[in-house]
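Commentary on secondary and tertiary structure
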Amino acid sequence: MKSPAESYVPSLLLMLMLFIGIGRVCAQTDAQLSQYYEVPSYYNPAAIGNTDMVRIRLGSRLQWVGIDNAPRTILATADMPIKIGKKRIAVGLTANQASEGLFRNLSINLQAGYKFNLFKGVMTAGVQLGYANEVFKGSEVLIPDGDDYHESTDEAIPRTDVSGNAFDLGAGIYYSHKYFWAGISGTHLMSPTIKFSDDSQNNSSTSTDNTRGDYEFQLRRTLYFMAGSNIPIKNTLFEVIPSLMVKSDFTFTRAELTGRLRYKKLFTFGLGYRHDDAVIATLAAEYKGFFIGYSFDYPTSAISKASSGSHEIIAGYSLKLNLSEKNKNKHKSIRIM
């Protein structure tokens, strides 16, 4: 009798079948992060420079622990405000490396935003230019004996690692007010197609038709809406921090709602729910610019039969900036950390 984890092997084989059978894969490569409010610039390039600090965040996520080849993500973000004359701008950087099944992807994005006052708050319009790299680990393909769909000699299956690169583009707007924040953004706006190639075989005089590099991987255009607020509880040292994220690639839409309670701006506890996917528990602490947060996702879908859940850790540091002698442009945008 198969174990629960083994029962999910066919889903990974299905990804392989799509790759080799159709020659083209459409997928969303943005990482699923439960602490999205800690790294908003990963989803929205306009969510940068919203405090007078240099903010750095590093994160790691292990998804669906217990399932072989489940998604794994490493993430880094950094951003800061800049004043040029009377103009206020912001710059940022995001980097993400992830693996899922036999796919590996790397994305690096440079971000810039322009800020202006609007309705007692600050509006930011941002854009990001990115580099995307995708690898398919053909050298790790294993076709079991007795497979009804493929043979080990099937020339349509890459037997060496193949990879490709593409230019990527994202944009968004982000509004920060004393009482709330909200943003709308789009990633992979041009839905770029990555064409795989195998240099080691293409450079060989013995290369055959199946080494033409005609496999493709398409980054799916994705829209995001995020919003949140800080609500102090009168006469206490607590504050309630609700937040929401909705994402859609025009085929698949998912919403996530999070509620957190922060004590003395030091310790934070929270619960969240991702529709048709998981319930989430979070813990975080911050002190003198240092931050560390942990979240645990317990799946509510059938994946719970094979996985004990997902783990995510985000850590970082915020360094104070003095934008001018009187720091005229300092504003009380709510904390999203």
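The residue numbering used here restarts from 1 in each chain and proceeds along that chain's sequence as written. Reporting in this predicted model follows two pLDDT cut-offs: at least 70 for local features of residues, and 80 or more for side-chain atom pairs to be given and counted; totals over whole chains, interfaces and linings ignore these cut-offs and use all residues. Think of the side-chain values as coming from all heavy atoms in the structure, minus any hydrogens and water.

Observations regarding the overall build of the chain
Threshold: Strands are runs of DSSP state E lasting at least two residues, helices are runs of H or I lasting at least four, and both sets are numbered from the N terminus onward. Burial classes: relative accessible area under 20% of the type maximum marks a residue as buried, over 50% as exposed, and values in between as partly exposed (1.4 Å probe, protein chains only). Here, residues are in contact when the closest pair of their heavy atoms is within 4.5 Å. Surface accessibility follows the Shrake-Rupley procedure with a 1.4 Å probe radius. Residue values consider only the protein chains on display as shielding.
Looking only at helices and strands, the chain features three helices and 18 strands. Within the chain, buried positions represent 46% of all 337 residues. Taking contacts inside the chain between residues at least 6 apart in sequence as the whole, the part at least 24 apart equals 58%. Carbon together with sulfur atoms contributes 63% to the accessible area of the chain, which is approximately 17,400 Å² in total.

Focus: the pairing of strand β10 (residues 216-219)
Rules: Any two strands between which DSSP finds at least two bridges are classified as paired.
By the alternation rule, side chains of β10 split into Glu216 and Gln218 and Phe217 and Leu219, which are all buried. Bridge analysis of strand β9 (residues 193-195) against β10 gives three bridges, and the strand direction is antiparallel. Bridge pairing links threonine 193 to glutamine 218 in β10.

Brief notes about the pattern of salt bridges
As a reminder of what qualifies: Each salt bridge in this description consists of a side-chain nitrogen of Lys or Arg and a carboxyl oxygen of Asp or Glu lying within 4 Å of one another.
In this structure the tally under the stated criterion is 13 salt bridges. Across the pair aspartate 79 and arginine 55 runs a salt bridge whose closest N-O atoms are separated by 3.6 Å. Placement of aspartate 79 in strand β3 (residues 72-84) and of arginine 55 in strand β2 (residues 53-65) is noted, with a sequence separation of 24 residues between them. One exposure class covers both aspartate 79 and arginine 55, and it is buried. For arginine 61, the salt bridge goes to glutamate 312, with nearest N and O atoms at 2.8 Å. One end of the pair, arginine 61, is in strand β2; the other, glutamate 312, is in strand β18 (residues 309-320), and 251 residues separate them in sequence. As far as burial versus exposure is concerned, arginine 61 and glutamate 312 are alike and both buried.

Observations concerning the side chain of glutamate 239
Here is the rule: Any pair of nitrogen or oxygen atoms within 3.5 Å is treated as a polar contact; in protein, a donor-acceptor pairing is required on top of that, and neighbouring residues in sequence qualify only through side-chain atoms on both sides.
One can find glutamate 239 in strand β13 (residues 238-248). On the basis of relative accessibility, which here comes to 7%, the residue glutamate 239 falls in the buried class. Among the polar contacts made by the side chain of glutamate 239, one reaches the side chain of lysine 265 at a distance of 3.2 Å.

What to know about the nonpolar core
To keep it simple, the criterion reads: Only buried residues count toward a nonpolar core. Its members are Ala, Val, Leu, Ile, Met, Phe, Trp, Tyr and Cys residues joined through side-chain atoms within 4.5 Å.
Membership of the largest hydrophobic core comes to 18 residues, with the highest contact counts inside it found for Leu33, Tyr36, Val39, Tyr42, Tyr43, Met226 and Met245. Residue assignment for this core shows that the elements contributing at least two residues are α2 (40-43) and β11 (222-229). The residues touching methionine 226, leaving out its near neighbours within four places in the chain, are Tyr36, Pro40, Tyr43, Asn44, Trp181, Ala182, Gly183, Leu244 and Met245. In this structure, Phe103, Val141, Phe196 and Phe217 belong to the second largest nonpolar core, which totals 12 residues.

Examining unusual backbone geometry
Residues other than glycine seldom take positive phi values, yet tryptophan 64 does so here, at roughly 55°. By the secondary structure assignment, tryptophan 64 is in strand β2. Residue class for tryptophan 64 comes out partly exposed when judged on its relative accessible area of 24%. Phi angles above zero are rare outside glycine, and histidine 188 is one such case at about 55°. Positionally, histidine 188 belongs in the loop between β8 (180-187) and β9. Using a relative accessible area of 6% as the deciding quantity, one classes histidine 188 as buried.

Considerations on the side chain of serine 107
Mapped onto the secondary structure, serine 107 falls in strand β5 (residues 103-118). Judged by its relative accessible area of 17%, serine 107 is buried. If near-sequence neighbours (up to four positions away) are discounted, serine 107 is found in contact with Thr94, Ala95, Asn96 and Tyr131.

What about the packing of aromatic side chains?
We apply this condition: Only Phe, Tyr and Trp rings are paired, with Trp represented by its six-membered ring, and only when their centres lie within 6.5 Å; those with planes under 30 degrees apart are stacked, over 60 edge-to-face, the remainder tilted. Both a distance and an angle decide whether a charge sits over a ring: NZ of Lys or CZ of Arg must be within 6 Å of the ring centre and within 35 degrees of the ring normal.
One pass over the full model with this rule turns up nine aromatic pairs. Judged by centre distance (5.1 Å) and plane angle (70°), the ring pair of tyrosine 36 and tyrosine 37 falls under edge-to-face. On the basis of relative accessible area, tyrosine 37 is assigned to the buried category, the value being 3%. Three or more aromatic residues joined by ring pairs make a cluster, and in this case those are Tyr42, Tyr43 and Tyr224. Above the face of the tyrosine 37 ring, arginine 260 is positioned so that its terminal group lies 3.7 Å from the ring centre.

Concerning the confidence of the model for the chain
We count it as follows: Confidence of the prediction at every residue is given by pLDDT, a number between 0 and 100.
Averaged over all residues, the pLDDT of the chain is 82; the fraction at 70 or higher stands at 76%. Taken together, the stretch residues 1-26 has pLDDT below 50 and engages in 45 contacts with residues farther than four places along the chain or on a different chain. Here residues 327-337 is modelled with pLDDT under 50, and outside its nearest four sequence neighbours on either side it reaches 41 contacts, counting other chains as well.

Focus on the pairing of β11
Within β11, six of the eight residues are buried, leaving the element largely enclosed by the surrounding structure. Bridge analysis of β8 against β11 gives eight bridges, and the strand direction is antiparallel. Within β11, the residue paired with phenylalanine 180 across the bridge is serine 229.

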